[in-house]
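Spelled out from the first residue to the last, the chains are:
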Amino acid sequence: METKERVLTMLYAQKGQSVSGEEIAASLGISRNSVWKTVNQLRKEGYEISSKTNDGYTLLGECELFNEYSIAKYARGKYQIELYDVLPSTNDTAKEYASKGAGEGTVIVARAQTKGKGRMGRKFFSESENGLYFSLILRPKISLDKCSFLTVMTAVSVLEAIKETCGRECQIKWVNDIYINDRKVCGILTEASLNMENASTDYAVIGIGINVSIDKDGFNDEIKDIAGAIFDTTDIKNEYKSKLLAKILDNIFLYYESFQVESFIEKYRKSSNLIGENVDVLRGNETIEGKVLDIDNEARLVIEDKAGKIHRFFSGEARVKRK
Ligand code: BTN
């Protein structure tokens, strides 16, 4: 974090109350003169900060930040948030943390990623601060066959959080993409480390990437025909990013603590944008063409092919065939 942001963070943590220049200087290891200069710089950027001799600095008015404090302010649960400016991939960093023993509820967040990973070895565009990119570490005590439900539970949690915090209605494209108006706004990548000795999961890392608003240069050529954002503007929506992240974590833990599949599978099914569509399902080198009849209670996509044969897919990629 640069000095400006560290000063702002201190003022933000005690918004409306005064914080002495001396306290800020001591805590950040800088001179009082640097504090004063930094406060003036922040004022020029539009932050309303009052100051009185011998009474320190007070942050007034609204201020949008995206950091550990702003996230904690909106979250009901307590999470260990590790925020980075830039990482190659929050999933990779989360796996490193998890393998060194980081506990459940540790969340690795990056303002931007240079090597964001998508499913099936694809790249996930996340170089812009307009998006929200994070990975949650869980240590599930559920049986291995239930692990695929972690992604299902997450998709429902994201969908509900977007509705609750941003007022936008979403659909889920099986398996785990979130769409608004036929545009993908969020992808989820779950990775797990298995313990073969007792057929259990050592840890799971759930990576979530959301396009909150649109980068000023737009989406790149590779994704411009499918990608969208929650907000159709180019400003960086820090307040929404904090609220959304907090709400997603709270929603996930609500489902995760009881882990009753019935509590989310019906919502998942109802939010599907594939039921009734004609699709190609790609799995490995195989492509099956048919009509989507349902998503069953195991979260499998149920397809009827032209010959009337029923297929059930646990995983794969479905492409809607345009009429
Ligand atoms: C997909 O759409 O195929 C899944 C995309 C998942 C992207 C998120 S962004 C945060 C986390 N870190 C990564 O490298 N990937 C996930």
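Refer to the structure presented above.
Residues numbered from 1 in each chain as written. Predicted model: local features only at pLDDT ≥ 70, side-chain atom pairs only at ≥ 80, totals over all residues. Heavy atoms only, no water.

1. Let's talk about the pattern of salt bridges
Inference 1: Counted under the stated rule, the structure contains 23 salt bridges.
Inference 2: Glu 289 serves as the salt-bridge partner of Lys 306, at 3.1 Å between the closest nitrogen and oxygen. A residue pair is termed long-range when its members are at least 10 positions apart, and Lys 306 in the loop between strand 13 (301–304) and strand 14 (310–313) and Glu 289 in strand 12 (residues 286–295) qualify at 17 residues.
Inference 3: Owing to a relative accessible area of 76%, Lys 306 belongs among the exposed residues under this scheme.
Inference 4: We classify Glu 289 as partly exposed; its relative accessible area is 37%.
Inference 5: Linking Lys 321 and Glu 289 is a salt bridge whose minimum nitrogen-to-oxygen distance equals 3.7 Å. Here Lys 321 is found in the segment after strand 15 (317–320), whereas its partner Glu 289 is found in strand 12, with 32 residues between them in sequence.
Inference 6: Each of Asp 92, Lys 95, Lys 117 and Glu 191 takes part in salt bridges that share partners, so that together they form one network. (Salt bridge = Lys/Arg side-chain N within 4 Å of Asp/Glu carboxyl O. Helix = DSSP H or I, 4+ residues; strand = E, 2+ residues; numbered from the N terminus. Buried < 20%, exposed > 50% of the residue type's maximum accessible area, 1.4 Å probe, protein only.)

2. With respect to the packing of helix 6 (residues 148–166) against helix 7 (residues 238–258)
Inference 1: Between helix 6 and helix 7, the shortest axis-to-axis distance is 8 Å and the interhelical angle comes to 135°. With respect to helix 7, the axis of helix 6 lies oblique. The crossing of helix 6 and helix 7 is right-handed. Here helix 6 contributes Leu 150, Met 153, Thr 154, Val 156, Ser 157, Val 158, Glu 160, Ala 161, Ile 162, Glu 164, Thr 165 and Cys 166 to the contact with helix 7, which in turn contributes Tyr 240, Lys 243, Leu 244, Lys 247, Ile 248, Asn 251, Ile 252, Tyr 255 and Tyr 256. (Axes fitted to C-alpha atoms, helices over the stretch in contact; angles between N-to-C directions. Parallel < 35°, antiparallel > 145°, perpendicular 65-115°, else oblique. Left-handed = near helix turned anticlockwise from the far one by under 90°. Contact = heavy atoms within 4.5 Å.)

3. As for the environment of Thr 93
Inference 1: In this fold, Thr 93 is placed in helix 5 (residues 90–99).
Inference 2: The exposure class assigned to Thr 93 is buried, which follows from its relative accessible area of 9%.
Inference 3: When the C-alpha positions of Thr 93 and Lys 270 are compared, they lie 34 Å apart, and in sequence the two are 177 residues distant.
Inference 4: Dropping the residues within four chain positions of it, Thr 93 is found in contact with Tyr 84, Leu 87 and Ile 108.

4. Some words on unusual backbone geometry
Inference 1: With an omega of 10°, the peptide bond running from Trp 174 to Val 175 counts as cis.
Inference 2: With respect to the element layout, Val 175 can be found in the loop between strand 7 (171–173) and strand 8 (177–180).
Inference 3: Even without being a glycine, Asn 181 presents a positive backbone phi close to 45°.
Inference 4: By the element assignment, Asn 181 lies in the loop between strand 8 and strand 9 (183–195).
Inference 5: Looking at Asn 181, the relative accessible area reads 60%, which means it is exposed.
Inference 6: With phi around 65°, Asp 182 is a residue other than glycine that occupies positive phi space.
Inference 7: Residue placement: Asp 182 occurs in the loop between strand 8 and strand 9.

5. Observations regarding the site of the ligand
Inference 1: Neighbouring the ligand are 19 residues, the closest being Ser 89, Gln 113, Lys 117, Arg 119 and Lys 184.
Inference 2: Measuring from an oxygen atom of the ligand, one finds a side-chain N or O atom of Lys 184 at 2.5 Å.
Inference 3: Computed on the free molecule, the ligand has an accessible area of 420 Å², of which 98% lies beneath the protein chains in the complex.
Inference 4: The cavity that encloses the ligand is the largest pocket.
Inference 5: Per element, the largest residue contribution to the shell around the ligand is four residues, and it comes from strand 9. (Near = heavy atom within 4 Å. Polar contact = N/O pair within 3.5 Å; in protein donor to acceptor, adjacent residues only side chain to side chain. Areas by Shrake-Rupley, 256 points an atom, 1.4 Å probe, with all protein chains shown as cover. 1 Å grid on protein atoms, 1.4 Å probe; cavity = no way out; pocket = protein on both sides within 12 Å on 5 of 7 lines; lining within 4 Å. Sits in = over half its atoms within 2 Å of the grid points.)

6. Structural notes on the pairing of strand 2 (residues 48–51)
Taken residue by residue, a regular strand's side chains alternate between the two faces of the sheet.
Inference 1: Alignment of strand 2 against strand 3 (residues 57–60), held across four bridges, turns out to be antiparallel. Directly across from Ser 50, in strand 3, lies its bridge partner Thr 58.
Inference 2: Linkage of strand 2 to strand 3, two consecutive antiparallel strands, is achieved through a turn of five residues, within which Asn 54 is found at a positive phi near 65°. (Pairing = 2+ DSSP bridges.)

7. So, the sheet that holds strand 5 (residues 106–113)
Inference 1: One open sheet holds the seven strands; their spatial order is 4-5-6-10-9-8-7, and the pairing between them is mixed. Only two strands of the sheet have a single neighbouring strand rather than two, namely strand 4 (80–87) and strand 7. Across this sheet, the average inter-strand angle for adjacent strands is 20°, counted without regard to direction.
Inference 2: With seven bridges joining them, strand 4 and strand 5 adopt parallel strand pairing. From the neighbouring strand, Tyr 84 faces strand 5, where its bridge partner is Ala 110.

Geometry only, nothing functional implied.
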